[in-house]
Amino acid sequence: MAHFPEKGERTPWHVSVLTLFPEMFPGPLGVSLVGQALEAGLWTLATVPIREFGIGRHRAVDDTPAGGGAGMVMRADVLAAAVDHARGAVPDVPLIYLSPRGEPLTQKLAAELAAGPGVMLLAGRFEGVDERVIAARGMREVSIGDYVLSGGEIAAMVLIDAAVRLLPGVIGAAESLGEESFEGGLLEYPQYTKPREFEGRAIPEVLLSGDHKKIAEWRRAEAERITAERRPDLIAGRPAKRPS
Ligand code: SAM
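What counts and what doesn't
- Residues numbered from 1 in each chain as written.
- Predicted model: local features only at pLDDT ≥ 70, side-chain atom pairs only at ≥ 80, totals over all residues.
- Heavy atoms only, no water.
- Domains from an automatic or database assignment.
- Salt bridge = Lys/Arg side-chain N within 4 Å of Asp/Glu carboxyl O.
- Helix = DSSP H or I, 4+ residues; strand = E, 2+ residues; numbered from the N terminus.
- Near = heavy atom within 4 Å.
- Polar contact = N/O pair within 3.5 Å; in protein donor to acceptor, adjacent residues only side chain to side chain.
- Areas by Shrake-Rupley, 256 points an atom, 1.4 Å probe, with all protein chains shown as cover.
- Nonpolar A, V, L, I, M, F, W, Y, C, P; charged D, E, K, R; others polar.

(A) How the structure looks around the domain arrangement of the chain. The domains assigned to the chain are domain 1 (14-164) and domain 2 (175-236). Placing the centre of domain 1 and that of domain 2 at their C-alpha centroids yields a distance of 36 Å.

(B) Looking closely at the pattern of salt bridges. If you walk through the whole model with that rule in mind, you get 15 salt bridges. With a shortest N-O distance of 3.1 Å, Arg101 and Glu131 are connected by a salt bridge. Linking Arg101 in strand E5 (residues 95-104) with Glu131 in helix H4 (residues 131-136), this pair joins segments that are 30 residues apart in sequence. The residue Glu103 makes a salt bridge to Arg140 at a minimum N-O spacing of 2.7 Å. Placement of Glu103 in strand E5 and of Arg140 in strand E7 (residues 140-143) is noted, with a sequence separation of 37 residues between them.

(C) Structural context of the site of the ligand. The local shell around the ligand holds 20 residues, among which Tyr97, Leu98, Gly124, Tyr147 and Leu149 are the closest. At a separation of 2.6 Å, an oxygen atom of the ligand approaches a polar backbone atom of Leu98. Residue Ser99 places a main-chain N or O atom 3.3 Å away from a nitrogen atom belonging to the ligand. Relative to its unbound accessible area of 580 Å², the ligand is 84% covered by the protein chains. For the shell around the ligand, the secondary structure elements donating two or more residues are E5 and E7. With four residues, E5 is the largest single contributor of residues to the shell around the ligand. Its residues assigned to classes, the shell around the ligand shows 10 nonpolar, eight polar and two charged.

See the structure below:
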């Protein structure tokens, strides 16, 4: 059952996930950096089992689509009851429905969400959810990419992972965030470590030179080259280069 923060309990970033499959959580969010942050209380996680708000003896959560067609649609009244229950405990977090129709999840959106109090996420199943509950509860729709998953839980995990690693204290060195892909509108430059030579391939000489200015210039040029090759759309959307 859901664990919601007590009044006064320190909860820097709170996540609630409304799902038919609460057993999927924390899953991969319980390991490594994000899992350690969960354990340390830097963020908290509550799952809200939608089935508990289902209708009748069988706790039905879905029904056939109005107008006909394949599959089932999650009911507006059931989802509204689940959202209202969750909202009672955590009223001020943005409510997001993970949906292939939504605005794309970007590093900018992850940072925007990480800067807020947390998120409440609705993971859809079947053919999706009744349109009326999206409007009635003011849900923001967010997509993790142009493909269709079988459910919103993995999409919710992707969003949570991307935001949690940006929370203060989750990643030790601030600079490891500052130079990552998408910061400043560029993909990251190539990284190397030991050994100095691997299967006949050497580490670029400049990285061993100790000349920090040259290294920074090389990395910037490589980031620009890789971005232009792989994601010219990012270059087009970048702010003009500041004079150095
Ligand atoms: N019929 C829907 C459509 O064509 O847009 C797809 C429904 S999908 C099978 C079931 C659920 O998976 C959705 O309600 C949504 O929560 C989730 N989902 C699928 N693809 C997604 C994506 N790219 N981003 C975020 N959530 C996604």
